[in-house]
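Descriptive analysis of the structure
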Amino acid sequence: MRRMDRTPAPRRAAALALTALALLAAACGKAGSPPVKGPQPDELPVYKIATGFRLPDSPTWRKAERRGHLVVGAKEDQPYLGEKDPASGRYSGFDIEIARMMSASLGFDPKTISFRTIASANRETALQNGQIDYYVGTYTINDLRKKQVGFAGPYYIAGQSLLVRTDEKGLAGPQDLAGKKICSAAGSTPLQRIQRDYPRATAVAYDTYSICVDNLLSLQVDAVTTDDTILMGFAAKAPDELKIAGKPFSREPYGIGVPRGDNALRFALDDAIEAHEKNGDWKKAYDVTLGLSGVPAPKPPPVDRYPAS
Ligand code: GLU
């Protein structure tokens, strides 16, 4: 026998909408954190720790050596890139694996890294103040930022894109942005691009993209904009609610941020990126992290070893 739901239709619709929101809220976490279930530690590559490695010309490396481990800045709410499990405090994702590979090449056991979550708007200050030794978190290399920090890499190329609700009909790409409310992270290149190139859109800025996604799900904004890598992760975790609209419309080369002027560290990280791309670690790490959002591993971009500055 089929049980009939006798709730009046409008009430039922409202209840369903509320249930959907509650489910999503649970999936996305209270403070805008994404669902966390990264790869299990036994699925992750193990990186060979360099023995006897020394980098005396790098003040950052010397400080880390005295401390006994590295302090690395990262994101904690970006699916498959940089996520923090609130229960264990463990970080996972492609950027986190890049940070671990670098640690191994610099002679520090990746298990000893102390990760610090740093939002997009605070990266330059964190590097300038010596709060972190390096930063790995969807950090676009550009000339303006190079005046404040150094960049090893790139180790990946992303592109700005748009995330909308699956029922969205009026927003299929950047050409439709006029009159729309678009959320992005403060201090990010995608936010700057919307403000500069799409002045008829209303840009809304928060500290993190997961807060933007919560705002999209609760109908406060029409779209979230940032790198396709980040948006694909959110879409992959809530495919019934979220989709990518249109094609990427910028080029975002990801670098490892280092304190400006520490050229020895920057060049050592450039070498390390190349070595891990060559020995297969990069691809292995990609496949068990970012690859899970649906895009097969691309060929890594060439490293841009720009002159000492
Ligand atoms: N890659 C862009 C940036 O560095 C957006 C992602 C982010 O905010 O981390 O600004």
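Calculation notes
Residues numbered from 1 in each chain as written. Predicted model: local features only at pLDDT ≥ 70, side-chain atom pairs only at ≥ 80, totals over all residues. Heavy atoms only, no water. Pairing = 2+ DSSP bridges. Helix = DSSP H or I, 4+ residues; strand = E, 2+ residues; numbered from the N terminus. Axes fitted to C-alpha atoms, helices over the stretch in contact; angles between N-to-C directions. Contact = heavy atoms within 4.5 Å. Salt bridge = Lys/Arg side-chain N within 4 Å of Asp/Glu carboxyl O. Buried < 20%, exposed > 50% of the residue type's maximum accessible area, 1.4 Å probe, protein only. Core = buried A, V, L, I, M, F, W, Y, C linked by side-chain atoms within 4.5 Å. Near = heavy atom within 4 Å. Polar contact = N/O pair within 3.5 Å; in protein donor to acceptor, adjacent residues only side chain to side chain. Areas by Shrake-Rupley, 256 points an atom, 1.4 Å probe, with all protein chains shown as cover. Parallel < 35°, antiparallel > 145°, perpendicular 65-115°, else oblique. Left-handed = near helix turned anticlockwise from the far one by under 90°. Nonpolar A, V, L, I, M, F, W, Y, C, P; charged D, E, K, R; others polar.

By the naming in an unreviewed UniProt entry, the chain goes by Glutamate ABC transporter substrate-binding protein and is assigned to Streptomyces stramineus.

Moving on: the sheet that holds strand 10 (residues 202-206). Taken in spatial order, the five strands of this open sheet run 10-9-11-8-12, and their pairing is mixed. Edge strands, defined here as strands with exactly one partner in the open sheet, are strand 10 and strand 12 (242-245). When strand polarity is set aside, the average angle formed by the axes of neighbouring strands in this sheet is 35°. Examined bridge by bridge, strand 8 (residues 160-165) and strand 12 share four bridges and lie antiparallel to one another. Its bridge partner being in strand 12, Val164 is matched across the sheet by Lys243. Against the sheet, helix 6 (residues 189-197) engages strand 8, strand 9 (181-185), strand 10 and strand 11 (223-227), with an angle of about 160° to strand 10.

To continue, consider the pattern of salt bridges. Taken as a whole, this structure holds ten salt bridges when the rule is applied. In this structure, Arg196 engages Asp197 in a salt bridge whose closest nitrogen and oxygen atoms are separated by 2.8 Å. When its relative accessible area of 39% is taken as the criterion, Asp197 is described as partly exposed. Asp271 is the partner of Arg305 in a salt bridge, and the nearest nitrogen-oxygen pair spans 2.9 Å. Taken as a pair, Arg305 in the segment after helix 10 (281-288) and Asp271 in helix 9 (residues 263-278) lie far apart in primary sequence, 34 residues in all. On the basis of relative accessibility, which here comes to 37%, the residue Arg305 falls in the partly exposed class.

This next bit is on the nonpolar core. Side chains that are nonpolar tend, in soluble globular proteins, to be buried together. Of all hydrophobic cores here, the largest spans 58 residues; its most connected members are Leu106, Tyr134, Tyr155 and Ile256. Sorting elements by how many residues they give to this core places helix 3 (residues 94-105) first, with seven residues.

Our next topic: the site of the ligand. Lining the immediate environment of the ligand, one finds 17 residues, of which Ser120, Thr138, Thr140, Tyr209 and Asp227 sit closest. At a separation of 2.7 Å, an oxygen atom of the ligand approaches a polar side-chain atom of Thr138. Asp227 is positioned such that a nitrogen or oxygen atom in its side chain is 2.7 Å from a nitrogen atom of the ligand. When the free accessible area of the ligand is taken as 280 Å², the share hidden by the protein chains comes to 100%. If you list the elements that add at least two residues to the shell around the ligand, you get helix 6, strand 11 and strand 13 (252-259).

Interhelical geometry of helix 3 versus helix 10 gives an angle of 150° and a closest axis separation of 9 Å. One element, helix 3, and the other, helix 10, form an angle in the roughly antiparallel class. Handedness of the crossing formed by helix 3 with helix 10: right-handed. Within the contact between the two elements, helix 3 uses Phe94, Glu97, Ile98 and Met101 and helix 10 uses Asp281, Trp282, Ala285 and Tyr286. Residue composition of the contact of helix 3 with helix 10, by class: six nonpolar, no polar and two charged.

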